[in-house]
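One letter stands for each residue in the lines below.
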Amino acid sequence: MSTDSMFVHKMWVDHELSKMVGAGAIPFPMLSDGGGRVGSVYGVYDQDAGVDVRGRFIIDPDGVIQGFEVLTPPVGRNVAETLRQVQAFQVVRGSAGAQATPSGWRPGKAVLTPGPGLVGNVWQEWKVGMAFD
Amino acid sequence: MPKEQKVGCARPTGGVVGEAAPPEANQAAPAAAKEVRPMVQVGKKAPDFVAPCYYEGKFASVQLSEYLGKWVILCFYPGDFTFV
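A.B. asks: Explain the overall build of chain B to me, using residue names and the numbers behind them.
C.D. replies: Counting its regular elements, chain B contains two helices and five strands. Reading chain B from its N end, one meets helices and strands in the order β-β-α-α-β-β-β. When the 84 residues of chain B are sorted by exposure, 31% land in the buried category. Counting only contacts in chain B whose residues sit at least 6 apart along the sequence, the fraction spanning at least 24 positions is 61%. Carbon and sulfur atoms form 59% of the exposed surface of chain B, whose accessible area is close to 5500 Å².

Pasting the structure below:
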């Protein structure tokens, strides 16, 4: 979603994005936020510049925001990190909140099951090296 | 899911759904419009909205709440034809 019109989105696909990913290969709707009205409500509209800054929101199947990240324009996102976070939130949701994913978790790594027995014992279950890939 | 839209000469816009329209007073009082809005919060409902979109070669309109039941990644970016 940007403050560009959907007509500009079409021209961007036709003239540039199609050369990156192939024609007709954008798999999601490209949304238009005229006047930054939606960005304002999400807290990412920069009134001085008149644009939405680089905000990314993870919204769960109940419509609840589980995470967000907002960057100033010159630095791009890490798509793999976004997907990792979605996978982590899906694990938590799949366990109905019984499980938690510690720092550095990615699919295949151990999850934690919070409870009285884990208090003071995380050091036995999780090592600092696990924070890194 | 996205619904195809007839294209006229006007530039279509969307907006937030289920909340009062932004006060028109903002236009009369630009100083008030500069007020900092609170950021949305994790663990709270994502504000619903309707927005025009370009999708699969067509112009359409999409509402966030149509995606209830699915995981959604909503990305904002500064502009088409920019560099990052």
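A.B. asks: Tell me about helix H1 (residues 6-21) of chain A, residues and numbers included.
C.D. replies: When the terminal C-alpha atoms of H1(A) are compared, their 19 Å separation across 16 residues is substantially less than the 22 Å that a helix rising 1.5 Å per residue should span. The largest bend in H1(A) is about 50°, located at Val13(A). When H1(A) is considered as a whole, its buried residues turn out to be Met6(A), His9(A), Trp12(A), Val13(A), Leu17(A) and Ser18(A). Here the buried face of H1(A) lies against strand E1 (30-31) of chain A together with strand E3 (49-55) and strand E4 (58-63) of chain B.

A.B. asks: So what about the pairing of strand E5 (residues 65-71) of chain A? Which residues, and what values?
C.D. replies: Residues in a regular strand point their side chains to alternate faces of the sheet. Pairing geometry for strand E4 (residues 54-59) of chain A and E5(A), over six bridges, is antiparallel. Residue pairing across strands places Arg54(A) opposite Leu71(A), the latter belonging to E5(A).

A.B. asks: Any details on the sheet that holds strand E5 (residues 72-75) of chain B? Residues and values, ideally.
C.D. replies: Pairing is antiparallel across the open sheet formed by three strands, whose spatial order is E5(A)-E4(A)-E5(B). Since the sheet does not close on itself, it has two edges, and those belong to E5 of chain A together with E5 of chain B, each with one partner. Averaged over all adjacent pairs, the angle separating strand axes in this sheet is 10°, with direction ignored. In this fold helix H3 (residues 79-94) of chain A packs onto E4 and E5 of chain A together with E5 of chain B, with an angle of close to 20° to the strand it touches most, E4(A).

What counts as what
Throughout this description, residue numbers start from 1 for each chain and increase along the sequence as written. Chain labels run from A onward and ligand labels from 1 onward, assigned in the order the entries are written. Local features are withheld for residues below a pLDDT of 70 in this predicted model, meaning they are given only at 70 or higher, and side-chain atom pairs are given and counted only at 80 or more; totals for whole chains, interfaces and linings count all residues. The basis for every side-chain value is the complete set of heavy atoms in the structure, and neither hydrogens nor water enter the calculation. Helix and strand labels come from DSSP, where a helix needs a run of H or I of at least four residues and a strand needs a run of E of at least two; each type is numbered from the N terminus. Using a 1.4 Å probe on the protein chains alone, a residue whose accessible area is under 20% of its type maximum counts as buried, one over 50% counts as exposed, and one in between counts as partly exposed. Contacts are assigned to residue pairs with any non-hydrogen atoms lying within 4.5 Å of each other. With residues, only the protein chains shown are counted as cover, and all accessible areas are computed by Shrake-Rupley using a 1.4 Å probe. Expected helix span is given by 1.5 Å per residue-to-residue step, counting one fewer step than there are residues. Note that the bend at a residue is defined as the angle between axes fitted to the seven residues ending at it and the seven residues starting at it. A pair of strands counts as paired when DSSP detects no fewer than two bridges linking them. Axis angles are defined between N-to-C directions and span 0 to 180 degrees, where every axis is a line fitted to C-alpha atoms and, for a helix, only to the segment in contact.

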